[in-house]
Each structure stands twice: as structure tokens, then as C-alpha cells.
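The primary structure of each chain is shown beneath.
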Amino acid sequence: MEDLLPPRSRGGIPVTGTTRHLTTAQALIAFLARQYTSCEGVNHRLVAATWGIFGHGNVAGIGQALLESGPDAMPFHQGRNEQAMVHAAVGYARQSGRLSAHAVTTSIGPGATNLVTGAALATINHLPVLLLPGDTFAGRPADPVLQQLEVPYAGDVSVNDCLRPVSRYFDRIARPEALIPAALNAMSVLADPANTGAVTLALPQDVQVEAYDWPEEFFRERVWSVRAPAVDPDELTDAVRELRQAQRPLLVVGGGVRHARAQDVLGAFAEDTGIPVASTQAGKGALLHDHPRDVGGIGHTGTAAADELARTADVVLGVGTRWSDFTTASATLFQNPGVRFINLNVRPADALKMGGRQLVGDARTGLAALHEALRGYRVPAAYEAECTRLKGEWEGRVSAAYAPASDEARPTQAQVLGVLDTLVTGDDILINAAGSLPGDLHKLWRTRSRDQYHVEYGYSCMGYEIPAAIGVALAAPGRPVWALVGDGTYLMNPTEIVTAVQENIPIKVVILQNHGYASIGGLSDAVGGERFGTAYRFRAADGTYGGDPLPVDLAANAGSLGMRVLRAKTVRDLREALAEARKADVPTCVYVETETPDTVSGPPPAQAWWDVPVAETATRTSAVTAREEYERHVTARRRHL
């Protein structure tokens, strides 16, 4: 009956003024092409491009709309794996300072559910991405259709409901006109610094192709302000009072400083007050490695300098951090009996953590206000000298871990980083997410620019690195972008190498072959698991994976996907290969088999604990010993209230 209604009242909503007759998918693309963010007087395209893999759930709708709109209105990138497309979009959003994002379109069924991991990563890291999964028929002309999930108690549930808990905003567009409020709400969340993350608009395939008379006002240019809220004056007064009384203050910086573009303000604040600055994984690089107040990473993967200062700090100022267990060493790090916390964060929930005094607001405006209010305050000279000494001692340990025994030796993982350290400049960007590399990078890497260090550790998702490198390279064309991956991570998600080759995006992929899950192997040892199931080896006579390494050639695999491949067996080979890759104008892979740190100099061990529960009862000596060690550590845990 609806098709018999006059066009100007279709959907039961009277239409006045000029309208545009488009399908729902065409209207969405036209709408997205006119959305912008504004920051410091500069406008940025909010949704700058769309990634897609097409199937019966989106090919006739979003696919046709992208074709019809053309690349000027909405550039398109072809993906190979739906999860990887989200990772690429997230890499782009982070490198763009959250001012610009990408959309990802998929078919229904497995194409849509493959988005879940990437959506969780985006939401946990507070990085914007617009997800446009196809959905089953809203009109239900046939029930069920291919790939439809049948739920006996709810006919309106589809597999896309898996995306609800990992999205900051979710809506299913069951009628064309429902797109209007949903699209506006979606843009609002994407541009909200306190609430951004994955935004999902589930699009039933019949609704995508249904035409509607859209009010022209829907397509007008909109500029969404990225807010930088000032802190409350009373909260500021209380925070300043606490800091002025501090004798051993420590500033812990998280990703919020980067998102707020507060690095310069942070540097001035640290210089004038003398307060040392430790960084989470997301915050590393907010101060460059040679800044006198930078004491490196904090927590389980942190430096001895930062962790020693944390243990004795009397006031801890957290700026833009959500205080994860790696940062707090599972609530065992801050041991001063009278330690107090002040949390400057744009999200009230994060400002409340650690029993802290809340200072809700933007990191840059908040730090500037603190800086002004603290004029004349400086930490005691003895404390400043202690910080300088600890920083210098740690730098010596970094240099020792980086130094190879000879140029003809096979490098350790730390020595791979050491060779790369001699080649990069502030232009280079390093990307990593999982395995043992995040710990080595957090402790050892000497960051040379505020956006060089790109380690995704909110979700620590294996397979993030290669697609994220593509997204970063799209946001920062002309800069050398390195994806550092172990063999386990590479095998999770190498498919977007094909995309890099297709688009000639000259990412540099460094594959470190250590024949297994090195990080989890080490953790397994620590908790009495004896590295069970963590090696990439043939089965031995006893049934375990203790035989010879598998004859897997990851370099050949990367080459088969179209990459240029450089193999390195020694430190000398590695230096030459990395230098050649850095200059390359095509996607290039450097493959190196690393030496285990058991036999040569490796990175310094963890400087703080991390809580991974150990079996309370066991017969194997390794687990019994690990439980005793666990119980010793757990006694140091405290609740900061």
C-alpha cells in the first residue's frame, strides 16, 4: 500500500520544501560526503572513505550507491578481510587525530560478524569508525533467508546484534526515514571525544535499495565541533592544593594527551614544575625520549625508572589514562601508604578511577589551567636529581639490550629494534599490537616524534599491524610506516598485504620469526604452564609440540601476495635490509629469524608484576612453584579508595 501513497507523504511524514528521490543507500552516502569536524578553526572530512567487501547484503545497496556517487564524493578501498578493514580504518582514525574516520561496509552473515573484533578494538581505544553491515530483510518476504540467524523468541534479532555491546552507538534502519535521526546521532558519537568508538548502522538489504523523498536539508553541510571542555574551577582548586603539597609527584600520561593534541602543553608543564612524566602504551611519545622529564613507560612493561618513582610517589596525576591493569601492575605498583591520585580526563568514569580526585575536562585545556595555577611550584631538587639519575641508568640498559655481539650474529628481537633505532627519524611511524614486541617497545623504544609510537594495547589484537599500517599510510602519505609483527601475529591476518600491493601503499612489514607465541610462551613458563601449546613445531615422541620447527616460509608467503621481500640472517644483513626497505616506494617485507634472548643479551625483564592467576592446586612442580610466587605478589595488591 505504501507505494500508492503520494511521494510527498511517503512514510507517513509530511514533506515540505525541496526533496531528493534516492535509495536509502544513496542518501546515506550523499549525507556522509557532507559531514565535517572542526578543530582549531580547520575543517576535516568526518568520513573520508569507505572500505568494503561486497555480498548479497550490500552489493545492490551500498555498493551501487558508492558506484553512483563516484570517488570524489566517497573514495572506496577494497578489502580482503572484514576485521582487517576495521583495523585499517582505526589506524587511519588514530593517525588523523580522531578528526577523520573511515566507514566499513559488509554483507550480512559472516561478513558482518567478522566486524566484531575490530569494533571492540575501536571502542576500547576510543577511536571512531563507522560500520555499515548489511542485514536480513526488514520486510521478511521469505523467512529465513541465506545466512539469517533464527532466534525463536525474537524475530527482529540478527547476527548484527553481536555488535551492540562493542559499539558506542547502534541502530538498525528498518525504514528509510529512520536513517535521518540515526545518521545524525551516529555523526554526533563519532565526533564526541568522550564517547567515540565503533558506530554501527545495520542496514537491511531491502531497505538499502528502497527509494524515498529525502528533504534537501538532510544533505546540507554539517560541521561537528570536537569539544575541548574546560575543567571545573572548584575541581581545579582542589587539584592544585594537592599538587602543591607533593614532595614526590608523578605524572602518568595516556592516550588522551595525544587525542587532545596536548603534547606542547605537557612539555611546558613538566619543564616548569620538574614533575617526571611516565607513559602508558597509548601515551608513549607525548614527550620525546630525550626530554629531561620523560622517564619512559610505566607498569608491567615499563622502565625501572618510571616504576621505581611510581612505588614511592605521594601524588599521582593521571592525564588521559584509563588506568588499565598493565599500567597499575594489577594494583600493586603504587605502594606509598599515603599516595593520592588526581585524574584529568574528558570521561568522568575514567576520572573517577583509583579513588582519584576528579578533574573532568580536555587534557590540553586542563593541563594549561594546572600549569597557570601552579606557577612557582617545583619539585624538590633532590627528587629532580633522583629522576635524572634513574633515567640515565635505564638508558644504559637500553643501549646494552640494543648492542649485538657482532655484525655476523643472528639478532635478538631487542637487537632488531636497536638496528631500526639507528635508521629512523621523526618521520617514521612504528605499528605493533600483540606478542612480546609491545613489552620490548614500551621499555626500550626511543620515540622521536609525537606520533611515531603506534602500539595498540587497549585490545592488544593480533593481526592489527598490517592493515593498520595501510590506514596510517593513507593518513600520512610519504612517511615511512613500519608494521612490526611476529610469526604468530603474521599468520593471523596477512591478507591486507594484497590491498597494499593493489594500491601501491609502500608499507614496510618486518616479520620476526621465533617459531611460536613467544610472549605467551614466556607467560606460560611463569604460571607453571611449561610453554604448553605455544611453539610452532612438529609433535615430539611425548605428544607435545617439542619437535623440529615447522618448515613454514613466511617470507615466501609475503612474496606470493605481491610484496617485495628482503631476507636477513645476521645483524649486518638486517641493517642493510631495513635501510633498503625504508627507501622503498613499493610494499616491502623484511624477514628475520631472531635469536632467543636465553642465550644472548635480551631486554630487561618486567619491572612490575601482572596478575595472571595460577592453579591453586597442582601436582607438577612448575605450577606449585608458580603458585607460591603468585601468592607472594598478590599480597602487595591494594585498592585505592
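Focus on the packing of helix α3 (residues 82-95) against helix α18 (residues 465-475)
Inference 1: Packing of α3 against α18 leaves a shortest axis separation of 7 Å and a crossing angle of 40°. The angle between the axes of α3 and α18 places the two elements in the oblique class. Crossing of α3 over α18 shows right-handed handedness. Counted together, Ala84, His87, Ala88, Gly91, Tyr92 and Gln95 of α3 and Pro467, Ala468, Gly471, Val472, Leu474 and Ala475 of α18 form the full contact between these two elements.
Inference 2: Partitioned by chemical class, the residues of the contact of α3 with α18 number 8 nonpolar, 4 polar and no charged.

So, empty space enclosed by the protein
Inference 1: The final tally for this structure, using the stated rule, is 3 cavities of 30 Å³ or more.
Inference 2: Each pocket or cavity is described by its volume, and for the largest cavity that value is around 180 Å³.
Inference 3: Lining the largest cavity are 21 residues, and of these Lys284, Asp294, Gly296, Thr303 and Glu395 lie nearest its centre.
Inference 4: Of all the elements in the fold, those that place two or more residues in the lining of the largest cavity are β14 (294-297), α15 (381-402) and α17 (437-444).
Inference 5: Every residue lining the second largest cavity is listed: Asp487, Leu491, Gln513, His515, Tyr536, Leu550, Val552 and Leu554.

Considering the sheet that holds strand β6 (residues 101-106)
Inference 1: If you trace the 6 strands from one edge of the open sheet to the other, you get β5-β4-β6-β7-β9-β8, paired in parallel fashion. Looking at which strands have only one partner, the edges of the open sheet turn out to be β5 (76-78) and β8 (169-172). Recorded for the sheet is a direction-independent mean angle of 20° between the axes of neighbouring strands.
Inference 2: In the sheet, strand β4 (residues 47-52) pairs with β6 via 5 bridges, with the strands oriented parallel.

Description of the side chain of Glu82
Inference 1: Along the chain, Glu82 falls in helix α3.
Inference 2: Arg80 provides the closest opposite charge to the buried, unpaired Glu82, separated from it by 11 Å.
Inference 3: A polar atom in the side chain of Glu82 sits 2.9 Å from the side chain of Asn114.
Inference 4: Residue contacts for Glu82: discarding those within four places in its chain leaves Ile53, Thr106, Gly111, Asn114 and Leu115.

Considering the state of the cysteines
Inference 1: This structure, assessed with the given rule, holds 0 disulfides.
Inference 2: For Cys461, which is in no disulfide, the shortest distance to another cysteine sulfur is to Cys162 and amounts to 16 Å.
Inference 3: Using a relative accessible area of 6% as the deciding quantity, one classes Cys461 as buried.

Quick word on the sheet that holds strand β23 (residues 588-593)
Inference 1: Spatial ordering of the open sheet is given by β19-β18-β20-β21-β23-β22, a layout of 6 strands whose pairing is parallel. Among the strands making up the open sheet, the edge pair consists of β19 (453-455) and β22 (564-568). Looking at each pair of strands side by side, their axes are set apart by 20° on average, direction ignored.
Inference 2: Direction of pairing for strand β18 (residues 429-432) relative to strand β20 (residues 481-486): parallel, over a ladder of 3 bridges. Residue pairing for β20: Leu430 is matched across the bridge by Trp482.
Inference 3: Those strands touched by α18 are β18, β19, β20 and β21 (508-513), and its axis lies near 175° from that of β20.
Inference 4: Packing of helix α23 (residues 571-583) onto the sheet brings it into contact with β20, β21, β22 and β23, and relative to β22 it is tilted by some 160°.

Regarding a nonpolar patch on the surface
Inference 1: Together, Phe54, Val59 and Phe76 give the surface a local cluster of nonpolar side chains, amounting to about 240 Å² of exposed area.
Inference 2: Mapped onto the fold, Val59 is located in helix α2 (residues 59-69).
Inference 3: With a relative accessible area of 44%, Val59 lands in the partly exposed category.

Let's talk about the packing of aromatic side chains
Inference 1: Evaluation of the coordinates by the stated rule reveals 12 aromatic pairs.
Inference 2: Taken together, a centroid distance of 5.8 Å and an interplanar angle of 85° make the contact between Trp323 and Phe334 edge-to-face. In this pair, Trp323 sits in the loop between β15 (315-319) and α12 (325-328) while Phe334 sits in the loop between α12 and β16 (340-345), placing the two residues 11 residues apart along the sequence.
Inference 3: Looking at Trp323, the relative accessible area reads 8%, which means it is buried.
Inference 4: For Phe334, a relative accessible area of 1% corresponds to the buried category.
Inference 5: With centroids separated by 5.2 Å and ring planes inclined at 85°, the aromatic side chains of Phe334 and Phe341 adopt a geometry described as edge-to-face.
Inference 6: Pairwise contacts between aromatic rings join Phe31, Tyr212, Trp214, Phe218 and Phe219 into one cluster.
Inference 7: Against the face of Tyr453 rests Lys284, its NZ or CZ located 5.4 Å from the ring centre.
Inference 8: Over the aromatic face of Tyr591 sits the side chain of Arg567, whose NZ or CZ is 5.8 Å from the ring centroid.

Cut-offs used in this document
- Residues numbered from 1 in each chain as written.
- Predicted model: local features only at pLDDT ≥ 70, side-chain atom pairs only at ≥ 80, totals over all residues.
- Heavy atoms only, no water.
- Axes fitted to C-alpha atoms, helices over the stretch in contact; angles between N-to-C directions.
- Helix = DSSP H or I, 4+ residues; strand = E, 2+ residues; numbered from the N terminus.
- Parallel < 35°, antiparallel > 145°, perpendicular 65-115°, else oblique.
- Left-handed = near helix turned anticlockwise from the far one by under 90°.
- Contact = heavy atoms within 4.5 Å.
- Nonpolar A, V, L, I, M, F, W, Y, C, P; charged D, E, K, R; others polar.
- 1 Å grid on protein atoms, 1.4 Å probe; cavity = no way out; pocket = protein on both sides within 12 Å on 5 of 7 lines; lining within 4 Å.
- Points joined across faces, edges and corners; volume = space filled by probe spheres on them.
- Pairing = 2+ DSSP bridges.
- Buried < 20%, exposed > 50% of the residue type's maximum accessible area, 1.4 Å probe, protein only.
- Lys, Arg positive; Asp, Glu negative; His and termini not counted.
- Salt bridge = Lys/Arg side-chain N within 4 Å of Asp/Glu carboxyl O.
- Polar contact = N/O pair within 3.5 Å; in protein donor to acceptor, adjacent residues only side chain to side chain.
- Disulfide = S-S within 2.5 Å.
- Patch = residues over 30% accessible without salt bridge, like charges linked within 9 Å, V, L, I, M, F, W, Y side chains within 5 Å.
- Areas by Shrake-Rupley, 256 points an atom, 1.4 Å probe, with all protein chains shown as cover.
- Phe/Tyr/Trp six-rings, centres within 6.5 Å; stacked < 30°, edge-to-face > 60°.
- Lys NZ or Arg CZ within 6 Å of the ring centre and 35° of its normal.

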